[in-house]
Amino acid sequence: MEGNHYMNYVIREMHPYEYPLLDDFLYEAIFQPDETNLAPRSIIERPELQIYIRNFGNEKDDYCFCAEVDKKIVGAVWVRNIHGYGSVDAFTPEFSISLYKNYRGFGIGTALMRKMLDYLKQQGYQRASLAVQKDNYAVKMYQKVGFRIVDENEQEYIMIYSMQ
C-alpha cells in the first residue's frame, strides 16, 4: 500500500483495570473543531459528561472494547444505558467512541464500531444509539457502519442502528 494508510492494530475487550483511561477517551470524544481554543480537560467533570464514565463497569449494559497499537491503547468504544445526549429509550445502549488524533483515519474507529455492534447483536439488543455534532467528520463513519439519523436538534444528530 502506498502512503501511510495502514496501521497494525488489535481490538480487544478493555479490562476493568484499564477503565480509568476512559477519562482520556471521554475528553478526546468531545468534538472540538477549533484546535486553537480547546476546552480544558476539567470539562469531563461536568455531570452531563460524567454519566458516560462514572463507575463504568458497574451497570449491566456497560461494555467496552479498545484498540491497541504496539501494546498502547489508542482508542475505545463503549456503551452504557444512560440518559445521555443520544438517549432514545430505556432499553437502547448509547455509544461513545474516540481515538487519539494520530490514530484517526486508519479505519480503527470503524473496526471498533463494528466489533461493538456485533457484540451487542450477540447479546440480544435490538438497537443502539448515539449523538454526534452535525459538523463532526464522524457522521459519515457512523452512516457507513449502518447508523441512520432519526432526530436532530440545533447542534446534533441523534442516530440509531437497528440490529435486524
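Rules used throughout
- Along each chain, the written sequence defines residue order, and numbers are assigned to residues from 1.
- It should be noted that, the model being predicted, local features are given only for residues of pLDDT at least 70 and side-chain atom pairs only at 80 or more, the latter also being counted only at that level, while totals for whole chains, interfaces and linings use all residues.
- Side-chain numbers come from the whole structure's heavy atoms, not from hydrogens or water.
- By definition here, a salt bridge exists when the distance from a side-chain nitrogen of Lys or Arg to a carboxyl oxygen of Asp or Glu is within 4 Å.
- To qualify as a helix, a DSSP run of H or I must reach at least 4 residues; to qualify as a strand, a run of E must reach at least 2; elements of each kind are numbered from the N terminus.
- Burial classes: relative accessible area under 20% of the type maximum marks a residue as buried, over 50% as exposed, and values in between as partly exposed (1.4 Å probe, protein chains only).
- Within 6.5 Å between ring centres, the rings of Phe, Tyr and Trp (the latter by its six-membered ring) count as paired, and their orientation is classed by plane angle as stacked under 30 degrees, edge-to-face over 60, tilted in between.
- For cavity detection a 1 Å grid was placed over the protein atoms alone, and a set of points counts as a cavity when a 1.4 Å probe fits there but cannot get out; an open set counts as a pocket when protein lies on both sides within 12 Å along at least five of seven lines, with lining residues being those that have an atom within 4 Å of a point.
- Grid points are joined across faces, edges and corners, and a volume is the space filled by probe spheres set on the points.
- Three categories are distinguished: nonpolar for Ala, Val, Leu, Ile, Met, Phe, Trp, Tyr, Cys and Pro, charged for Asp, Glu, Lys and Arg, and polar for the others, with Gly belonging to the last.
- Put simply, a nonpolar core is a bunch of buried Ala, Val, Leu, Ile, Met, Phe, Trp, Tyr and Cys residues held in one set by side-chain atoms that sit within 4.5 Å of each other.
- In this analysis, two residues are considered to be in contact whenever any of their non-hydrogen atoms come within 4.5 Å of each other.
- The angle between two axes is taken between their N-to-C directions and runs from 0 to 180 degrees, where each axis is a line fitted to C-alpha atoms and a helix contributes only its stretch in contact.
- By the definition adopted for this analysis, an angle is roughly parallel if under 35 degrees, roughly antiparallel if over 145, roughly perpendicular if from 65 to 115, and oblique otherwise.
- For any pair of crossing helices, the crossing counts as left-handed if the nearer helix is rotated counterclockwise from the farther one by less than a right angle, and right-handed if it is rotated clockwise.
- Note that the arc is computed from the directions linking the helix axis to the C-beta atoms.

Two side chains carrying opposite charge are able to pair once their charged atoms lie near each other. Under the defined criterion, the tally for this structure stands at nine salt bridges. One salt bridge in this structure joins E152 and K134, with 2.5 Å as the shortest N-O distance. Placement of the pair is E152 in strand β6 (residues 148-152) and K134 in the loop between β5 (127-133) and α4 (138-145), with a sequence separation of 18 residues. Given a relative accessible area of 45%, E152 falls into the partly exposed group. Judged by its relative accessible area of 27%, K134 is partly exposed. Connected through shared salt-bridge partners, R12, E18 and E68 make up one network.

Before going further, it helps to examine the packing of aromatic side chains. One pass over the structure, following the stated rule, counts nine aromatic pairs. Measuring from centroid to centroid gives 4.9 Å for Y63 and Y119, while their planes differ by 70 degrees, and the two rings are edge-to-face. In this pair, Y63 is assigned in strand β2 (residues 63-69) and Y119 in helix α3 (residues 108-122), connecting sequence segments 56 residues apart. Ring centres 5.6 Å apart and planes at 50 degrees place the aromatic pair F147 and Y161 in the tilted group. Of the two residues, F147 is situated in the loop between α4 and β6 and Y161 in strand β7 (residues 156-162); the sequence distance between them amounts to 14 residues. An aromatic cluster of at least three residues, connected via ring pairs, comprises Y63, F65, Y119 and Y125.

Our focus in this paragraph is the layout of surface pockets. Taken as a whole, the largest pocket spans an internal volume of roughly 1,100 Å³. Taken together, 43 residues line the largest pocket, and the ones lying closest to its centre are A29, I30, F31, I97 and N136. At the level of secondary structure, the elements contributing two or more residues to the lining of the largest pocket comprise α1 (22-29), α2 (47-50), β4 (94-99), α3, β5 and α4. Its residues assigned to classes, the lining of the largest pocket comprises 23 nonpolar, ten polar and ten charged.

Right, let's get into the nonpolar core. Ranked by size, the top nonpolar core spans 54 residues in total, and within it W78, F95, M113, Y142 and F147 carry the most contacts. Elements represented by at least two residues in this core include exactly α1, β2, β3 (72-80), β4, α3, β5, α4 and β7. Among the elements that take part in this core, α3 stands out by supplying seven residues, more than any other.

Assignment of secondary structure puts V139 in helix α4. Its relative accessible area of 10% is what places V139 among the buried residues. Leaving out residues up to four positions away in the same chain, V139 has contacts with V132, Q133, K134, Y157 and M159.

Let's shift gears to α1. For α1, the set of buried residues is L22, F25, L26 and Y27. For α1, the secondary structure elements touched by its buried residues are α2, β2, β3 and β4.

Another point: the packing of α3 against α4. Two elements in contact, α3 and α4, have axes whose closest approach is 10 Å; the angle formed by their N-to-C orientations is 40 degrees. The pairing of α3 with α4 is recorded here as oblique in orientation. Viewed along their axes, α3 and α4 form a crossing whose handedness is right-handed. Contacts between α3 and α4 involve G109, T110, M113, R114 and L117 on the former and, on the latter, M141, Y142, K144 and V145. Within the contact of α3 with α4, the residues separate by chemical class into five nonpolar, two polar and two charged.

So, on to α4. Within the span of α4, buried status applies to A138, V139, M141, Y142 and V145. Here the buried residues of α4 occupy an arc of 165 degrees about the axis, which is enough to place them on one side. Opposite the buried face of α4, by more than 90 degrees, sit the exposed residues K140 and K144.

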